[in-house]
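A closer look at the structure
The residues making up each chain are set out below.
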Amino acid sequence: QQQVKQSPQSLIVQKGGISIINCAYENTAFDYFPWYQQFPGKGPALLIAIRPDVSEKKEGRFTISFNKSAKQFSLHIMDSQPGDSATYFCAARDSQGGSEKLVFGKGTKLTVNP
Amino acid sequence: DVKVTQSSRYLVKRTGEKVFLECVQDMDHENMFWYRQDPGLGLRLIYFSYDVKMKEKGDIPEGYSVSREKKERFSLILESASTNQTSMYLCASSLVPYRREWGRSSGYTFGSGTRLTVV
């Protein structure tokens, strides 16, 4: 079963625009929500993360918005640049039972046109 | 920086072969994971390990096994490779929670991946 639903599957944005990727989850036991960025030929790299007791976290041009009641979170990329073109994955951490694992969304391929 | 190294970037194997994918991390992480990545399906967890000689099944363990004899090394084994195991395989590692309170990241560190083709 898909525990983290990510949309859209692909996104094309003009340079300078705002990129928005959305994720939704069902499991209220999730306790950590990271976003990963993956360039072709590379493994995913941690971009930014948020805990459920915070509604927003900003790091440079990247912002996570978190809505606990709606069980949704989103990544906003301000002033999008061609170098931001990559695949983005949202994830949620399941810490039940003492062992931890991340559940990933299916990914969003972002293309920023110059 | 934490480094997670996967021994091969590309592998081509024949159906029925036994395949070993190796992963080594150099930052004393307790947790290690194997994922496979397929277009449109994202990252799916195969197996993970939170200590030496410990392993737990992920979401898609069928056809795979793992070995963790040393803390830094986590191996994924395809007992009898099949064409539906053609995929990108990603290894990752992370710290356990009590060590993260020392100010270390809660995130995973991934290797660059091994693209396996089974013919």
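Residues numbered from 1 in each chain as written. Chains lettered and ligands numbered in written order. Predicted model: local features only at pLDDT ≥ 70, side-chain atom pairs only at ≥ 80, totals over all residues. Heavy atoms only, no water.

**With respect to the interface of chain A and chain B**
Interfaces are often sized by the accessible area lost when the parts come together. Where we set the bar: Any two residues whose heavy atoms approach within 4.5 Å at even a single point are treated as in contact. Buried area: the accessible area, evaluated with a 1.4 Å probe, that two parts lose upon being put together, summed over both parts. Salt bridges are identified by distance alone: a Lys or Arg side-chain nitrogen within 4 Å of an Asp or Glu carboxyl oxygen. Under the rule applied, a polar contact is a pair of N or O atoms within 3.5 Å (in protein, one hydrogen donor and one hydrogen acceptor; residues adjacent in sequence only if both atoms are side-chain atoms). Counting from the N terminus, the helices are the DSSP runs of H or I reaching at least four residues and the strands are the DSSP runs of E reaching at least two. Three residue categories are used. Nonpolar comprises Ala, Val, Leu, Ile, Met, Phe, Trp, Tyr, Cys and Pro, charged comprises Asp, Glu, Lys and Arg, and polar comprises the others, including Gly.
If you look at the interface, chain A gives 19 residues, while chain B gives 25 residues. With both sides pooled, the region where chain A packs onto chain B buries about 1700 Å², and carbon together with sulfur makes up 51% of that total. Sorting the residues of chain A by area buried against chain B places A:Glu100, A:Lys101 and A:Phe104 first, and these three jointly supply 29% of that buried surface. Our count for the chain A to chain B interface comes out at zero salt bridges. At the junction of chain A with chain B, the criterion picks out five residue pairs in polar contact (both at pLDDT 80 or more). Elements with a contribution of two residues or more to the side of chain A that touches chain B: β4 (33-38), β9 (86-94) and β10 (101-104) of chain A. If one sorts the elements of the side of chain A that touches chain B by residue count, β10(A) sits on top with three residues. Here the residues of the side of chain A that touches chain B are counted per class, giving seven nonpolar, six polar and six charged.

**So, a nonpolar patch on the surface**
Where we set the bar: A patch consists of residues exposed above 30% relative accessible area that lack any salt bridge, with like charges linked at up to 9 Å and nonpolar side chains (Val, Leu, Ile, Met, Phe, Trp, Tyr) linked at up to 5 Å. Only the protein chains shown count as cover for residues, with accessible areas throughout obtained via the Shrake-Rupley method and a probe of 1.4 Å.
A cluster of nonpolar side chains, contributed by A:Ile18, A:Ile20 and A:Met78, occupies part of the molecular surface with about 240 Å² of accessible area. Along the chain, A:Met78 turns up in the loop between β8 (72-77) and β9.

**As for the sheet that holds strand β3 (residues 19-25) of chain A**
Within a sheet, neighbouring strands are paired by backbone hydrogen bonds and run either parallel or antiparallel to one another. Residue and element names in this part refer to chain A. Note the cut-off: Note: two strands are recorded as paired if DSSP finds a minimum of 2 bridges between them. Helix axes are fitted to C-alpha atoms over the stretch in contact, other axes to C-alpha atoms as well, and angles between N-to-C directions run from 0 to 180 degrees.
Across the sheet, which stays open at both edges, the five strands sit in the order β1-β3-β8-β7-β6 with antiparallel pairing between neighbours. The two strands at the open ends of the sheet, each matched to only one other strand, are β1 (4-7) and β6 (56-59). Here the strands of the sheet are splayed against their neighbours by 15° on average, with no regard to which way each runs.

**Some points on the pairing of β3(A)**
Residue and element names in this part refer to chain A. As a reminder, the rule being used: Think of it in three bands: with a 1.4 Å probe and only protein chains considered, a residue is buried below 20% of the maximum accessible area for its type, exposed above 50%, and partly exposed in between.
Only one face of β3 is covered, namely the one carrying Ser19, Ile21, Cys23 and Tyr25; the face carrying Ile20, Asn22 and Ala24 has none of its residues buried. In the sheet, β1 pairs with β3 via four bridges, with the strands oriented antiparallel. Paired with glutamine 6 across the bridge in β3 is cysteine 23. With six bridges joining them, β3 and β8 adopt antiparallel strand pairing. Bridge assignment links serine 19 to a residue of β8, and that residue is isoleucine 77.

**Observations regarding the sheet that holds strand β7 (residues 64-70) of chain B**
Residues and elements named next belong to chain B. Strand order in the open sheet formed by four strands is β1-β3-β8-β7, with antiparallel pairing between adjacent strands. The open sheet terminates on both sides in strands that have one partner only, identified here as β1 (4-6) and β7. Taken over all neighbouring pairs, the strand axes of this sheet differ in orientation by 20° on average, direction set aside.

**Quick look at the state of the cysteines**
Note the cut-off: Note that a disulfide, as used here, is simply two cysteine sulfur atoms within 2.5 Å.
Under the defined criterion, the tally for this structure stands at two disulfides over all chains. Each sulfur of the disulfide joining A:Cys23 and A:Cys90 lies 1.9 Å from the other. Where A:Cys23 bonds to A:Cys90 through sulfur, the torsion about that S-S bond is close to -95°, and the disulfide is left-handed. You can see A:Cys23 sitting in strand β3 and its partner A:Cys90 sitting in strand β9, a full 67 residues away along the chain. Pair check on accessibility: A:Cys23 and A:Cys90 agree, each one buried. B:Cys23 shares a disulfide with B:Cys91; S-S distance 1.9 Å. As the torsion about the S-S bond is roughly -75°, the B:Cys23-B:Cys91 disulfide counts as left-handed. Highlighted residues: B:Cys23 in strand β3 (residues 19-25) and B:Cys91 in strand β9 (residues 87-94), separated in sequence by 68 residues.

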